[in-house]
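# Breakdown of the fold
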Amino acid sequence: ASMRNENTTIEYYDNNAISFVNSSIDADMHPMADLFLQYLPDQAKILDLGCGTGRDSLYFLQHGYESIPTDGSAEMCKIAAKLTGIPVRQLMFEDLDYDNEFDGVWACASLLHLGRQSIPCILKKVSSALKENGIAYLSFKYGNFEGTRNGRFFTDLTERDITFLCSKDTGLMLERYLITPDVRAGRESEKWLNIFGRKYSEGE
């Protein structure tokens, strides 16, 4: 089922790339990005997983970090490459193949398109992509819904799901979490679950 969910969602982004850009390009994720960067060394290497418009990768690049943007949608990859001026890798989550390469993985509003059952396996790939002590940022819409909403598949989560996201199985330990209002105009009543996970190190 997860492939079917992902394909519908990718199709949505391929077909609605421009309107999505207009609605999300100004979303001010800087406070969360700044918090993420505080955990990382200077000039850290960041994997932007499901980069969408490339907005956050651009921010990281402007602040002297190396960012590798990836997205499953070919159209979003083109848009992000234009915005950031760097190549964007078209990559589905299940094909994530990096090993011990990144100081940080930024998965902002991206893994929420996976079915609940697929999330731990992808997080395992995320933790493999991280260097020792690396940090992953994950954000999900806050709630208990799982299914299709406006042409895209979503799994919403609450703080009760943190143990399922951060465990020995996923290779991530919970560093901290925050529940925040949506930063897009008119969406303030919607909430987000933001999670910072640290790669488990041997012996913990």
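Above this text you will find the structure in question.
Next up on the list: the sheet that holds strand S2 (residues 66–71). Strands sit in the order S3-S2-S1-S4-S5-S9-S8 across an open sheet of 7 strands; the sheet is mixed. The open sheet has two edge strands with one neighbour each: strand S3 (89–90) and strand S8 (172–181). The sheet contacts of helix H3 (residues 30–38) involve strand S1 (45–49), strand S4 (102–107), strand S5 (130–141), S8 and strand S9 (191–199), and relative to S4 the element is tilted by about 160°.

Another point: the pairing of S5. Two faces make up the sheet, and in a regular strand the side chains alternate between them. Burial analysis of S5 places 9 of its 12 residues in the buried class, which makes it a mostly covered element. Bridge count between S4 and S5: 5 bridges; the pairing is parallel. Note that in S5 the partner of alanine 107 across the bridge is leucine 138. Once you follow S4 into helix H6 (residues 119–129) and on to S5, the crossover reads as right-handed. By the bridge criterion, 7 bridges tie S5 to S9 in an arrangement that is antiparallel. Bridged to leucine 138 within S9 is isoleucine 195.

In this structure the tally under the stated criterion is 10 salt bridges. Measuring nitrogen to oxygen at the nearest pair gives 2.8 Å for the salt bridge that ties aspartate 56 to arginine 55. Residue class for aspartate 56 comes out buried when judged on its relative accessible area of 7%. Among the ionic pairs, aspartate 103 bridges to lysine 131, the shortest N-O distance being 3.4 Å. Of this pair, aspartate 103 sits in strand S4 while lysine 131 sits in strand S5, and the two are 28 residues apart along the sequence. You can call lysine 131 partly exposed: its relative accessible area is 31%. Beyond isolated ion pairs, a larger network of salt bridges with shared partners links Lys141, Arg187 and Glu190.

In this section: the packing of aromatic side chains. Enumeration over the complete set of coordinates arrives at 9 aromatic pairs. Note on phenylalanine 60 and tryptophan 106: the rings are 5.4 Å apart at their centroids and 85° apart in plane angle, and the pair reads as edge-to-face. Within this pair, whereas phenylalanine 60 is found in helix H4 (residues 55–62), its partner tryptophan 106 is found in strand S4, the two being separated by 46 residues in sequence. Looking at phenylalanine 60, the relative accessible area reads 0%, which means it is buried. Looking at tryptophan 106, the relative accessible area reads 0%, which means it is buried. Centroid distance tryptophan 106 to tyrosine 137: 4.3 Å. Interplanar angle 20°. Geometry classified as stacked. Of the two residues, tryptophan 106 is situated in strand S4 and tyrosine 137 in strand S5; the sequence distance between them amounts to 31 residues. The same class applies to tryptophan 106 and to tyrosine 137, which are both buried. Three or more aromatic residues link up through ring pairs in this structure, and these residues are Phe36, Tyr39, Phe60, Trp106, Tyr137 and Phe196. For arginine 149, the ring lying beneath its charged end belongs to phenylalanine 154, and the centroid distance is 4.4 Å.

The subject of this paragraph is the environment of arginine 184. Within the element layout of this structure, arginine 184 appears in the loop between S8 and S9. Spatially, the C-alpha atoms of arginine 184 and aspartate 26 are 7.8 Å apart, while their sequence positions differ by 158 residues. The residues contacting arginine 184, other than those within four sequence positions of it, are Ser23, Ala27, Lys141, Glu190 and Trp192.

Cut-offs used in this document
Residues numbered from 1 in each chain as written. Predicted model: local features only at pLDDT ≥ 70, side-chain atom pairs only at ≥ 80, totals over all residues. Heavy atoms only, no water. Pairing = 2+ DSSP bridges. Helix = DSSP H or I, 4+ residues; strand = E, 2+ residues; numbered from the N terminus. Contact = heavy atoms within 4.5 Å. Axes fitted to C-alpha atoms, helices over the stretch in contact; angles between N-to-C directions. Buried < 20%, exposed > 50% of the residue type's maximum accessible area, 1.4 Å probe, protein only. Right-handed = clockwise from strand over helix to strand, strands pointing away. Salt bridge = Lys/Arg side-chain N within 4 Å of Asp/Glu carboxyl O. Phe/Tyr/Trp six-rings, centres within 6.5 Å; stacked < 30°, edge-to-face > 60°. Lys NZ or Arg CZ within 6 Å of the ring centre and 35° of its normal.

Honestly, it's all geometry; don't read function into it.
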